[in-house]
Amino acid sequence: MAIAIYPGSFDPITNGHIDILERASKIFDEVIVVVLCNPAKKTLFTMEERLGMIREAIRGYENVSVDAYSGLTAQYAQAKGANLLIRGLRAVSDFDAELRIALTNKKLNPELESIFLMTSPKYLFLSSSTVKEIASMGGCTKGMVPDFIGERLEQKYQELANA
Ligand code: ADP
């Protein structure tokens, strides 16, 4: 069984993430999206909100599931018996950070192999941060995130504005 984990913040999950997931689901027997709880990173959506959105987004994929984790990715993989870790690569600017993460994970868990899938051209400049920036200023995020996530973003910024 080729079990792969796809770790990240997913704040929120975007069509770029979903594209990587869809492609990974065709390559591996099982894919687990792991939403990492990183206390150093302030997120717009809570862990529960992010998990809920991912659950809705992956509904059509039989071999994709989602989980939350608050420790090291390398430890999570070990506990799950997963030897493969998927990350998406966009521009060259992603490379430095990804190399650092991959080598650190390898040191912590030598069995863990990082595999990089190249972004699809239409998602080259898409990130959760970009989507949040657009939504926070009332812009349209259609095509960047599923429609239901676009609505959640609108709601969230409205709530923040009214708070
Ligand atoms: P992190 O905070 O760990 O970078 P993200 O949620 O931002 O987590 O991203 C998770 C993974 O998805 C990373 O490997 C990132 O490079 C990848 N990714 C994000 N956006 C895209 C995209 N548009 N195309 C391909 N991969 C992407």
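Above this text is the structure in question.
Residues numbered from 1 in each chain as written. Predicted model: local features only at pLDDT ≥ 70, side-chain atom pairs only at ≥ 80, totals over all residues. Heavy atoms only, no water.

Undergrad: I would appreciate a short explanation of the overall build of the protein chain in the present structure.
TA: Assigned secondary structure in the protein chain consists of six helices and five strands. Along the protein chain, helices and strands appear, N-terminal first, in the series β-α-β-α-β-α-β-α-β-α-α. Across its three principal directions, the C-alpha atoms of the protein chain cover 50 × 30 × 30 Å. Residues counted as buried form 45% of the 163 residues belonging to the protein chain. Residue pairs in contact within the protein chain that sit at least 24 positions apart in sequence constitute 75% of those at least 6 positions apart. Charge centroids of the protein chain, computed over 18 positive and 20 negative side chains, lie 3 Å from each other. (Helix = DSSP H or I, 4+ residues; strand = E, 2+ residues; numbered from the N terminus. Buried < 20%, exposed > 50% of the residue type's maximum accessible area, 1.4 Å probe, protein only. Contact = heavy atoms within 4.5 Å. Lys, Arg positive; Asp, Glu negative; His and termini not counted. Charge placed at Lys NZ, Arg CZ, Asp CG, Glu CD.)

Undergrad: Please clarify how the packing of aromatic side chains should be interpreted in this entry.
TA: To describe a pair of aromatic rings, one takes the distance between the centres and the angle between the planes. Taken as a whole and judged by the stated rule, the model has two aromatic pairs. Judged by centre distance (5.2 Å) and plane angle (75°), the rings of Y6 and F10 are edge-to-face. Comparing Y6 with F10 shows no difference in burial state: the two are buried. (Phe/Tyr/Trp six-rings, centres within 6.5 Å; stacked < 30°, edge-to-face > 60°.)

Undergrad: Help me out: how do you make sense of the side chain of S120 in this one?
TA: On the secondary structure map, S120 appears in the loop between β5 (113-118) and α5 (128-136). Those residues in contact with S120 that lie beyond four places of it in its chain are D19 and R23.

Undergrad: Explain the pattern of salt bridges to me, please; I cannot follow it from the model alone.
TA: Close approach of charged atoms lets side chains of opposite charge pair. Throughout the structure, instances matching the rule amount to 10 salt bridges. Across the pair E22 and K26 runs a salt bridge whose closest N-O atoms are separated by 4.0 Å. Of this pair, E22 and K26 both sit in helix α1 (residues 15-27), four residues apart, which is roughly one turn of that helix. Taking the relative accessible area as the measure of exposure, K26 reaches 66% and is therefore exposed. (Salt bridge = Lys/Arg side-chain N within 4 Å of Asp/Glu carboxyl O.)

Undergrad: So what exactly am I meant to see when it comes to the packing of helix α2 (residues 47-57) against helix α6 (residues 147-162) here?
TA: Packed helices, taken two at a time, are described by their axes: the angle between them and the distance between them. Running from N to C, α2 and α6 point in directions that differ by 160°, and their axes come no closer than 11 Å. The angle between the axes of α2 and α6 places the two elements in the roughly antiparallel class. Between α2 and α6 lies a crossing whose hand is right-handed. Contacts from E49, M53, E56 and A57 of α2 reach α6 at F148, I149, R152 and K156. Here the contact of α2 with α6 is built from residues that sort into four nonpolar, no polar and four charged. (Axes fitted to C-alpha atoms, helices over the stretch in contact; angles between N-to-C directions. Parallel < 35°, antiparallel > 145°, perpendicular 65-115°, else oblique. Left-handed = near helix turned anticlockwise from the far one by under 90°. Nonpolar A, V, L, I, M, F, W, Y, C, P; charged D, E, K, R; others polar.)

Undergrad: Teacher, can you tell me more about the environment of L126 here?
TA: In this structure, L126 sits in the loop between β5 and α5. The exposure class of L126 is buried, given its relative accessible area of 9%. What L126 contacts, discounting residues up to four positions off in sequence, is T14, N15, G16, R90, V131 and M144.

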